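# Results of the structural survey
So you can see what is in the structure, the chains are spelled out below.
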Amino acid sequence: MGIEVNKVSKLIKSKSLRELVGISKNVFRGFLVKRSFDKCGKFFMASGKLNINKMNGYIDIGDKVLMYKDCKVSVWGTDFKSHLKIGNNTSIGDRTEIHCGKEITIGDYCNISWDVVILDRDYHKLNTQEYIYKPVHIGDKVWIGCRSIILKGVSIGSGAVVAAGSVVTKDVPANSVVAGNPAKIIKEDIYWLP
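Residues numbered from 1 in each chain as written. Predicted model: local features only at pLDDT ≥ 70, side-chain atom pairs only at ≥ 80, totals over all residues. Heavy atoms only, no water.

## Comments concerning the sheet that holds strand β5 (residues 66-67)
What the eight strands build is an open sheet, ordered β2-β5-β8-β11-β14-β17-β19-β20; its pairing is mixed. The two strands at the open ends of the sheet, each matched to only one other strand, are β2 (45-46) and β20 (184-188). Here strand β8 (residues 91-92) runs beside strand β11 (residues 111-112); their pairing, made up of two bridges, is parallel. The partner of Ser 91 across the bridge, within β11, is Asn 111. (Pairing = 2+ DSSP bridges. Helix = DSSP H or I, 4+ residues; strand = E, 2+ residues; numbered from the N terminus.)

## Here we look at the sheet that holds strand β1 (residues 39-40)
Read across the open sheet, the six strands follow the order β1-β4-β7-β10-β13-β16; overall the sheet is parallel. Each edge of the sheet is formed by a strand with only one pairing partner; in this case those strands are β1 and β16 (155-156). As judged from the five bridges shared by strand β4 (residues 57-61) and strand β7 (residues 82-86), these two strands associate in the parallel manner. By the bridge assignment, Ile 61 is partnered in β7 with Ile 86.

## Some remarks on the packing of aromatic side chains
Taken as a whole and assessed by the stated rule, the structure comprises three aromatic pairs. Ring geometry for Phe 37 and Phe 44: centres 5.2 Å apart, planes at 85°, overall edge-to-face. Aromatic pair Phe 80 and Tyr 133: ring centres 4.9 Å apart, planes at 65°, arrangement edge-to-face. Here the residue Phe 80 occupies a position in the loop between β6 (72-76) and β7, and Tyr 133 occupies one in the loop between β12 (117-119) and β13 (136-138), the gap between them amounting to 53 residues. Assessed through its relative accessible area of 31%, Phe 80 is described here as partly exposed. Against the face of Phe 80 rests Lys 102, its NZ or CZ located 4.9 Å from the ring centre. (Phe/Tyr/Trp six-rings, centres within 6.5 Å; stacked < 30°, edge-to-face > 60°. Buried < 20%, exposed > 50% of the residue type's maximum accessible area, 1.4 Å probe, protein only. Lys NZ or Arg CZ within 6 Å of the ring centre and 35° of its normal.)

In structure tokens form, the structure reads like this:
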């Protein structure tokens, strides 16, 4: 108990009053939004209004997750129950949209920039009467650049970086950088510190 109090005391001393007020507002907003989730860890923060849509779905949020202003989280199970899981210490940027029709998993310590779109299905039918759902899996310590699109059925390995504006249509190996439309590997054996 004494060690935890020491950590909090050091954290408070290292922040300005303005920073502490901002963090307090984010934690309070997060507290109000938590009721939209089925499971939510400690210190969920929301830095502005969020758009949470849920029907026949399950939302599991880890500890110390931060969602920025105007994020949209849609967990909408039409044919079966959908499941969204976001790991610990992950931040999701302004106006990012996550559309989960079946299953999307985002790991720990991920940094998802603004205006990113992640979806596990197409929203229109082509030559078929059924929607096609394919799970999306994003590993730990993944950095997704602004305005990237992560499409259905993609698995992004831990430690990977998705460059800004990329359209990810295929799996991304761990510790690599992908860029472009469609995204292709441009560097391998990299690491970054979240």
